[in-house]
Amino acid sequence: MADVHTVRLQPVGIEFEVEEGETVLNAAFRQGIALPHGCKEGQCSACKCILGDGEVELKKYSTFALNEMERSQNHILLCRTLVYSDVDVELLNYDEEVLSKSIPVKEFDGIVTEITQPTHDIRRLEIELAQPMKFWAGQYADITLSGAETITRSFSMANPPGETKKFAFIIKKYPNGKFSSRLDGDLEPGTAVRIKGPYGTCFRREGRDGAMILVGGGSGMSPLWSILHDHLASGEPKPVYFFYGARTRNDLFYLEDFARITGENPAFTFVPVLSNAADDAGWTGEKGFVHETVAAYLKRLGLGSNVDVYACGPTPMIDALTPVLVMHDVESDRIYFDKFTPAPT
């Protein structure tokens, strides 16, 4: 039997057990403690903390996430940390609301029920689970495909959390993508898959004053679609602005659904933005990059800092949007990001 040690989190005073060979982050997930995290692979620094007392070892990680100076000052990455004694850890970033809404991460059996093609490079994968999985709108799960090569990738749920057994995932298809390439033919209805989750802290916050701003691009539609429908089901009366960046009109989808939602909800505004529409004389909507349009709306509407922003999509989009939000005085604790990066080929 593996040795078990105790991790004490400061300043929140939470304690939990970690088995030898198990990372601190995975142990927290298993016991329903939602610590700050991102890639879960030592690449992004979201789970960076400071080690107090205790003996630890770090698995391989990127020095972009944790440089040598930080490591010499007892900084650690929870997703890479193995413990060999009881330890004290000081959290550098934590959200009490996230901790209060923690859901234990578990594994579930599922089967593929349908795959559709909203655009030339976007696929909607539908999976039915044998047992229900609770999650919050905006969270994601790991999907594992078996076969000649076992492949695991992380994708956000597109369905609202009221649907706990029938799941949908909006996935961008990449050239030579080991997972996404199997969405065109290999994954027939009835194919068995494994789901592990939920993960993620970019989920919808309830009962907040002010407007809600959703900003997405590519498969970032997936968590935002879940957040939007969860909000609509809640009945909260607030303005909602959904900005979606795409290259051309051929990259837009769900337009009929957006038109219906707009007609049924006067407080909802959908703003598609095309970056490659300079020569499209028939396009009368917004042109340019999505962060530029967000900036124009923030200025014109005078929303100020009284907004919640959920931004999901490619890293360049998120990086360009961040200074826009800062410049318009959006409070940092009301900005929620989920950066999407393709897995190495």
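Structure's up top.
Residues numbered from 1 in each chain as written. Predicted model: local features only at pLDDT ≥ 70, side-chain atom pairs only at ≥ 80, totals over all residues. Heavy atoms only, no water.

**Description of the overall build of the chain**
What counts is decided by this rule: Every helix listed is a DSSP run of H or I at least four residues long, and every strand listed is a run of E at least two residues long, numbered separately from the N terminus. Throughout this description, buried means an accessible area under 20% of the type-specific maximum (1.4 Å probe, protein chains only), exposed means over 50%, and partly exposed covers the range between. Contact criterion: two residues are considered in contact whenever any of their non-hydrogen atoms come within 4.5 Å of each other. Per-residue accessibility takes into account occlusion by the displayed protein chains alone, with areas from the Shrake-Rupley method and a 1.4 Å probe. Only four residue types enter the tally: Lys and Arg on the positive side, Asp and Glu on the negative side; His and the chain ends are excluded. Note on charges: their place is set at NZ of Lys, CZ of Arg, CG of Asp or CD of Glu.
Helix and strand counts for the chain stand at seven helices and 19 strands. With the C-alpha coordinates of the chain rotated into their principal frame, the extents come out at 65 × 50 × 40 Å. When the 345 residues of the chain are sorted by exposure, 48% land in the buried category. Of all intrachain contacts in the chain linking residues separated by at least 6 positions in sequence, the fraction that spans at least 24 positions is 69%. Accessible surface computed for the chain: about 16300 Å², of which carbon and sulfur atoms make up 48%. Put simply, the chain has 34 plus and 48 minus side-chain charges, and the middle of one group is 4 Å from the middle of the other.

**A word on empty space enclosed by the protein**
Keep this limit in mind: Here a cavity denotes grid points, spaced 1 Å and computed from the protein atoms alone, that fit a 1.4 Å probe unable to get out, and a pocket denotes an open set having protein on both sides within 12 Å along at least 5 of 7 lines; residues with an atom within 4 Å of a point are the lining. Grid points are joined across faces, edges and corners, and a volume is the space filled by probe spheres set on the points. For this classification, Asp, Glu, Lys and Arg are treated as charged, while Ala, Val, Leu, Ile, Met, Phe, Trp, Tyr, Cys and Pro are nonpolar and the rest, including Gly, are polar.
Evaluation of the coordinates by the stated rule reveals one cavity of 30 Å³ or more. Here the largest cavity defines a volume of roughly 100 Å³. Considering the residues around the largest cavity, the lining is formed by 16 residues, among which A34, S102, I103, Q139 and P198 are closest to the centre. For the lining of the largest cavity, the per-class residue count stands at ten nonpolar, five polar and one charged.

**Side note on helix α6 (residues 290-301)**
We count it as follows: What a helix is expected to span follows from its residue count: subtract one and scale by 1.5 Å.
Counted at 1.5 Å a residue, the expected span for α6 with its twelve residues is 16 Å, and the 16 Å between its end C-alpha atoms agrees. Burial in α6 covers these residues: V290, T293, V294, A295, Y297 and L298. If you follow the buried residues of α6, they end up packed against β14 (211-217), β15 (240-246), β16 (268-274), β17 (286-287) and α7 (315-327). With its phi angle positive at about 60°, G302 sits one or two positions after the end of α6.

**Observations regarding the packing of aromatic side chains**
Our working rule: Centres within 6.5 Å are what make two rings of Phe, Tyr or Trp a pair, Trp counting through its six-membered ring; a difference in plane orientation under 30 degrees is then read as stacked, over 60 as edge-to-face, and the rest as tilted. Only when the NZ of Lys or the CZ of Arg is both within 6 Å of the ring centre and within 35 degrees of the ring normal is a charge said to sit over the ring.
The tally for this structure, following the rule as stated, stands at 16 aromatic pairs. Summarising the aromatic geometry, the rings of F258 and F268 are spaced 6.3 Å apart at their centres and angled 5° between planes, so their arrangement reads as stacked. Of this pair, F258 sits in helix α5 (residues 255-264) while F268 sits in strand β16, placing them ten residues apart in sequence. F268 matches F258 in its accessibility class, with the two residues each being buried. One aromatic cluster is present, built from ring pairs that chain together W225, F242, Y244, F253, Y254, F258, F268 and F270. The ring of Y174 carries K172 above its face, with NZ or CZ at 5.9 Å from the centroid.

**What about the packing of α6 against α7?**
Test applied: Simply put, an axis is a line fit to the C-alpha atoms, just over the touching stretch for a helix, and the angle between two N-to-C directions goes from 0 to 180 degrees. For this classification, under 35 degrees means roughly parallel, over 145 means roughly antiparallel, 65 to 115 means roughly perpendicular, and everything else is oblique. Crossing handedness is read from the near helix: turned anticlockwise from the far helix by less than a right angle, it gives a left-handed crossing, and turned clockwise, a right-handed one.
As a packed pair, α6 and α7 sit with axes 9 Å apart at the nearest point and diverge in direction by 20°. The angle between α6 and α7 falls in the class roughly parallel. Seen along the crossing, α6 lies across α7 with a hand that is right-handed. Along the contact surface, α6 presents V290, H291, V294, A295 and L298, while α7 presents M317, A320, L321, V324 and L325. In terms of residue class, the contact of α6 with α7 is made up of nine nonpolar, one polar and no charged.

**A closer look at the sheet that holds strand β8 (residues 106-119)**
Stated formally: Paired strands, in this sense, are two strands between which DSSP finds at least two bridges.
Pairing is antiparallel in the open sheet, where six strands are placed in the order β11-β10-β13-β8-β9-β12. Among the strands making up the open sheet, the edge pair consists of β11 (151-156) and β12 (166-172). The mean angle between the axes of side-by-side strands here comes to 35°, regardless of whether they run parallel or antiparallel.

**Regarding the pattern of salt bridges**
Applied cut-off: Whenever Lys or Arg places a side-chain nitrogen within 4 Å of a carboxyl oxygen from Asp or Glu, that contact is recorded as a salt bridge.
Taken as a whole, this structure holds 21 salt bridges when the rule is applied. Among the ionic pairs, K48 bridges to E70, the shortest N-O distance being 2.8 Å. Of the two residues, K48 sits in strand β3 (residues 48-51) while E70 sits in helix α2 (residues 68-72), which places them 22 residues apart along the sequence. Here the two residues K48 and E70 agree in accessibility, since each one is buried. Where E126 meets R124, a salt bridge forms, and the shortest distance between an N and an O atom there is 3.1 Å. Each of R204, D230, E236 and K238 takes part in salt bridges that share partners, so that together they form one network.

**Regarding the environment of F108**
Considering the arrangement of structural elements, one finds F108 in strand β8. Expressed as a C-alpha distance, the spacing of F108 and T23, which sit 85 residues apart in the sequence, is 21 Å. Sequence-distant contacts of F108, defined by excluding residues within four places in its chain, comprise L129, Q131, P132, M133, V193, R194, I195 and G197.

**Side note on the side chain of R123**
So the rule is basically this: Any pair of nitrogen or oxygen atoms within 3.5 Å is treated as a polar contact; in protein, a donor-acceptor pairing is required on top of that, and neighbouring residues in sequence qualify only through side-chain atoms on both sides.
Among the secondary structure elements, R123 is positioned in strand β9 (residues 122-129). The buried category is assigned to R123, whose relative accessible area is 4%. Within the local environment of R123, its side chain forms a polar contact with the backbone oxygen of H120, the two atoms lying 3.3 Å apart. A polar contact is formed between the side chain of R123 and the side chain of D184, at a distance of 2.7 Å. Beyond its immediate sequence surroundings of up to four residues, R123 is in contact with I115, T116, Q117, P118, F169, I170, I171, K173, L183 and D184.

**A word on the environment of I151**
Here I151 lies in strand β11. It is 7.4 Å that separates the C-alpha atoms of I151 and K178, two residues lying 27 residues apart in sequence. For I151, the residues in contact, after removing those within four places along its chain, are I143, T144, L145, K178, F179 and R182.

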